[in-house]
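Now for the letters of each chain:
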Amino acid sequence: MVELTAYVAFVNMATRNNTANGVRSQGFSDSCEIPPARRTTAGDAPAGASPA
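Residues numbered from 1 in each chain as written. Predicted model: local features only at pLDDT ≥ 70, side-chain atom pairs only at ≥ 80, totals over all residues. Heavy atoms only, no water.

Asker: Got a minute to help me understand the overall build of the protein in this structure?
Answerer: Of the regular secondary structure elements, the protein holds one helix and zero strands. For the protein, with 52 residues in total, the buried portion stands at 0%. Accessible surface computed for the protein: about 5,300 Å², of which carbon and sulfur atoms make up 58%. (Helix = DSSP H or I, 4+ residues; strand = E, 2+ residues; numbered from the N terminus. Buried < 20%, exposed > 50% of the residue type's maximum accessible area, 1.4 Å probe, protein only. Areas by Shrake-Rupley, 256 points an atom, 1.4 Å probe, with all protein chains shown as cover.)

Here it is in structure tokens:
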């Protein structure tokens with residue numbers, strides 16, 4: 001668990017540094033054929049499902 005937490009902290013720090021230094025996306029997700037997941041709200045929940 002400690003290793004996972006350390007890795008997540010490192011990736012978060014690296015992402016923040018890249019953003020601060022102006023490093024941009026290389027566009028790999030632009031060619032991805034899988035659409036992004038749609039967020040659901042309480043009104044979109046199927047019948048019988050309890051909202052989280």
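Asker: Looking at this structure, I do not really get a nonpolar patch on the surface. What am I missing?
Answerer: Among the surface-exposed residues, Met1, Leu4, Tyr7, Val8, Phe10, Val11 and Met13 lie close enough to one another that they form a single nonpolar patch of about 780 Å² accessible area. Note that Phe10 resides in helix H1 (residues 2-20). Accessibility expressed as a relative area gives 47% for Phe10, which makes it partly exposed. (Patch = residues over 30% accessible without salt bridge, like charges linked within 9 Å, V, L, I, M, F, W, Y side chains within 5 Å. Salt bridge = Lys/Arg side-chain N within 4 Å of Asp/Glu carboxyl O.)

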